[in-house]
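Chain by chain, the residues:
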Amino acid sequence: MKEERSEFKVSVLIVDDEASARDSNQLSVTTALEKLEYASDEIKVSTASGMEETLSFLRRQTVHVLLLDRDLGRDENGKMVDGIEHIGDILDIQPSTQILIVTGHDDTRLAVRAMGLGACAYIVKSAKRDYVDYRNEQIMAALSKAKAEIKRNREKMLDRGTIEGKYVCRSKAMQAVEIQLKTLAQYPAPVLFLGKTGLGKTVAAKRLGQLRAEFLGEEEDRPFFNINMANVPKELADSTLFGHERGAFTGAESAKQGLFELANGGDLFLDEIGEIDLAVQAKLLKVIEEKEFCRVGGSKTFKTNARIILATNRNLVEMMKAGQFREDLYARISTFDITLPPLEQRKEDIPFICREIIRELTEGNKEIDISYDDFPSSLKEYLQRDHIPFNIRGIRNDIERLIIYSMGEEGKKDFSKWKSILGVSRRSVFYSKKPTEYIRYRDLEKLPTNFLEGVDFPGIKAAKNLLEKKLLKEAVLKCRTKKKISKILKLSESNIMAKMNKYNISTVTEVE
């Protein structure tokens, strides 16, 4: 019997530079998940072709199981990318991810090295049947562990929600937006929200709907419908917005109301309006101007007085110049536009946004007792930094990971390792003051002798040891003699020997 559906999906990431290998592994994962009796909507299998794409994905989303190829092609400098070398990078971002190395290299030393770095299995590709069986068994084992982990964490994520934080206007920038909203709430004209992704355009649109309801005395009854047009397939946009009649197209077995019909007497929020094609734009213009429309496959005219609210993170003016957005539609919807300010201009709001996100993520779970006040001052400063990826959505992602990875037994929290959990420590070490100057530990000649000095974050000793060991191994492989190693690392030979003993690198052959 299947277990009650979990509150978040099993997430599997397959990393391989060959499409055929990704497809083969994806089939094995799907089969394994079916054997574990997961429903289709509880499974999320994603793929990546390179390491940069993989690390970016891990910073955005939780991954329970990762199938990683060793050979990932060449980087922008023409160097081969070794997946095993990046196991530490992966675990720095998501310490609980189970990594399965799937490679064509049948090498015991590589297997031992991968397992020592934190992989849970080393699977050698082969055309033989026993390889497929072994691969499937290992995938099953990893997914079983993931299932158990999800079961333990199920109650920690009762309400993920769809909106990144409550509408907050403590800052002067957002107070100016509030004045605009209160003014426009008195009129039924379309309103266009502009701004980057993750700034809370949906929340602001709902606030406008709430203010309109208060103005009309309809607080309890006024409907609010919203849809992200980027998530609607082009062939379904007409039906979604305007509805369809029975038999209008294959599969239309009954008539269906569209959003303009459902939102009559209320508000209709169309997010990512720049994603709809020109044909639908023409129909949208007609319904905005004439307040009437026809269902797909029908001739009957329906009327609507829905208040239309729109939003986009795209430059509609540039789209008009490129012929991708109708000028007449833009003229109609841009009369009243509101640009949401970036987070850099509303830092006073961030603590209140964080509190609301924490409330949403922990509501209903008495075992989790976390508040914004529990965060150390360094973490609070980090959450209020400039240039936060994905803006409020990025803050939510960070807090979500902190809740999951900082919880110990009996709901006890430990935020002392927050930098490691959010991937801050590795970035702090590897990046110099100029973000474009990326320091690769292989480029030994370019490293200043004191490049690790002055780095201040929890775990600095462990990080220094890790990098020092990597540097020393690389230098031994490259230079072979203590004299050359001493010269390139700018350390005395006696110091070199002491460090080799410290990291159990006593001879050159041990690192070959």
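Residues numbered from 1 in each chain as written. Predicted model: local features only at pLDDT ≥ 70, side-chain atom pairs only at ≥ 80, totals over all residues. Heavy atoms only, no water.

### Quick notes on the overall build of the chain
At step 1: When you go through the chain residue by residue, the secondary structure sums to 20 helices and 14 strands.
At step 2: In the chain, which comprises 512 residues, the share counted as buried stands at 47%.
At step 3: In the chain, 70% of the contacts between residues at least 6 apart in sequence involve partners at least 24 apart.
At step 4: Looking at the chain as shown, the accessible area adds up to about 26,600 Å², and 49% of this sits on carbon and sulfur atoms. (Helix = DSSP H or I, 4+ residues; strand = E, 2+ residues; numbered from the N terminus. Buried < 20%, exposed > 50% of the residue type's maximum accessible area, 1.4 Å probe, protein only. Contact = heavy atoms within 4.5 Å. Areas by Shrake-Rupley, 256 points an atom, 1.4 Å probe, with all protein chains shown as cover.)

### Some words on the side chain of D271
At step 1: Mapped onto the elements, D271 comes out in strand β10 (residues 267–271).
At step 2: No salt bridge is formed by the buried D271; the nearest opposite charge belongs to K201, separated by 5.4 Å.
At step 3: Not counting residues within four places of it along the chain, the set of residues in contact with D271 comprises K201, T202, I227, N228, M229 and A311. (Lys, Arg positive; Asp, Glu negative; His and termini not counted. Salt bridge = Lys/Arg side-chain N within 4 Å of Asp/Glu carboxyl O.)

### Quick look at the pairing of strand β7 (residues 121–124)
At step 1: Where strand β6 (residues 98–103) lies against β7, 4 bridges are found, and the strand directions are parallel. When the bridges of β7 are listed, T103 appears paired with V124. (Pairing = 2+ DSSP bridges.)

### Quick word on the sheet that holds strand β14 (residues 337–339)
At step 1: An order of β9-β10-β13-β8-β14 is seen for the 5 strands of this open sheet, with the pairing classed as parallel. Sheet topology places β9 (224–228) and β14 at the edges, where each strand pairs with a single neighbour. The average undirected angle you get between the axes of adjacent strands in this sheet is 15 degrees.
At step 2: Of the strand pairs in this sheet, strand β8 (residues 191–194) and strand β13 (residues 307–312) are connected by 4 bridges, and their pairing is parallel. Note that in β13 the partner of L194 across the bridge is T312.
At step 3: Of the strands in this sheet, β8, β13 and β14 are in contact with helix α6 (residues 172–184), which crosses β14 at around 165 degrees. (Axes fitted to C-alpha atoms, helices over the stretch in contact; angles between N-to-C directions.)

### Remarks on the sheet that holds strand β1 (residues 10–15)
At step 1: Across the sheet, 5 strands lie side by side as β2-β1-β3-β6-β7; this open sheet has parallel pairing. Among the strands making up the open sheet, the edge pair consists of β2 (43–48) and β7. With strand direction ignored, the average angle separating the axes of adjacent strands in the sheet is 20 degrees.
At step 2: Relative to strand β3 (residues 65–68), β1 runs parallel, the two being bridged by 4 bridges. Directly across from V15, in β3, lies its bridge partner L68.
At step 3: Helix-sheet contacts for helix α4 (residues 108–117) involve β6 and β7, and the interaxial angle to β7 is about 150 degrees.

### Structural notes on the confidence of the model for the chain
At step 1: The share of residues in the chain with pLDDT of 70 or more is 80%, and the mean pLDDT across the chain is 78.
At step 2: In the predicted structure, residues 153–165 sits below a pLDDT of 50 and forms 45 contacts with residues beyond four places in sequence or in another chain. (pLDDT = per-residue confidence, 0-100.)

### Structural notes on the packing of aromatic side chains
At step 1: Under the criterion given, the structure shown has 7 aromatic pairs.
At step 2: Taken together, a centroid distance of 6.0 Å and an interplanar angle of 40 degrees make the contact between F242 and F293 tilted. One end of the pair, F242, is in helix α8 (residues 234–242); the other, F293, is in strand β11 (residues 292–294), and 51 residues separate them in sequence. Taken as a pair, F242 and F293 share a single burial class, namely buried.
At step 3: A cation over an aromatic ring shows up here: R170 above the ring of F352, its NZ or CZ 3.9 Å from the ring centre. (Phe/Tyr/Trp six-rings, centres within 6.5 Å; stacked < 30°, edge-to-face > 60°. Lys NZ or Arg CZ within 6 Å of the ring centre and 35° of its normal.)

### Structural notes on the environment of G247
At step 1: Relative to the elements of secondary structure, G247 occurs in the loop between α8 and α9 (259–262).
At step 2: What makes G247 exposed here is its relative accessible area of 58%.
At step 3: Expressed as a C-alpha distance, the spacing of G247 and G298, which sit 51 residues apart in the sequence, is 9.7 Å.

### Topic: unusual backbone geometry
At step 1: Located in the positive-phi region is E272, a residue other than glycine, with phi close to 55 degrees.
At step 2: For E272, a relative accessible area of 12% corresponds to the buried category.
At step 3: One non-glycine residue with positive phi stands out, namely K291, at about 60 degrees.
At step 4: Structurally, K291 can be placed in the loop between α10 (278–290) and β11.

### Looking at α4
At step 1: Every buried residue belonging to α4 is among L110, A111 and A114, and all of these are buried. The buried side chains of α4 occupy one side of the element, clustering within an arc of 100 degrees when seen end-on. In α4, those exposed residues whose orientation departs by more than 90 degrees from the buried face are T108, R109, V112 and G116.
At step 2: In this structure, the buried side of α4 is in contact with α3 (87–93), β6 and β7.
At step 3: In this structure D107 caps α4, since a side-chain oxygen of it lies 2.8 Å from the backbone nitrogen of R109.
At step 4: Following α4 by one or two positions, G118 adopts a phi angle in the positive range, close to 125 degrees. (Arc of directions from axis to C-beta. Polar contact = N/O pair within 3.5 Å; in protein donor to acceptor, adjacent residues only side chain to side chain.)

### Here's the deal with the packing of helix α19 (residues 482–489) against helix α20 (residues 493–502)
At step 1: For the pair α19 and α20, the least separation of the axes is 9 Å and the interaxial angle reads 100 degrees. Looking at the two axes, α19 sits roughly perpendicular to α20. Between α19 and α20, the contacting residues are K482, K483, I485, S486 and L489 on the first element and E493, I496 and M497 on the second.
At step 2: Partitioning the contact of α19 with α20 into residue classes produces 4 nonpolar, 1 polar and 3 charged. (Parallel < 35°, antiparallel > 145°, perpendicular 65-115°, else oblique. Nonpolar A, V, L, I, M, F, W, Y, C, P; charged D, E, K, R; others polar.)

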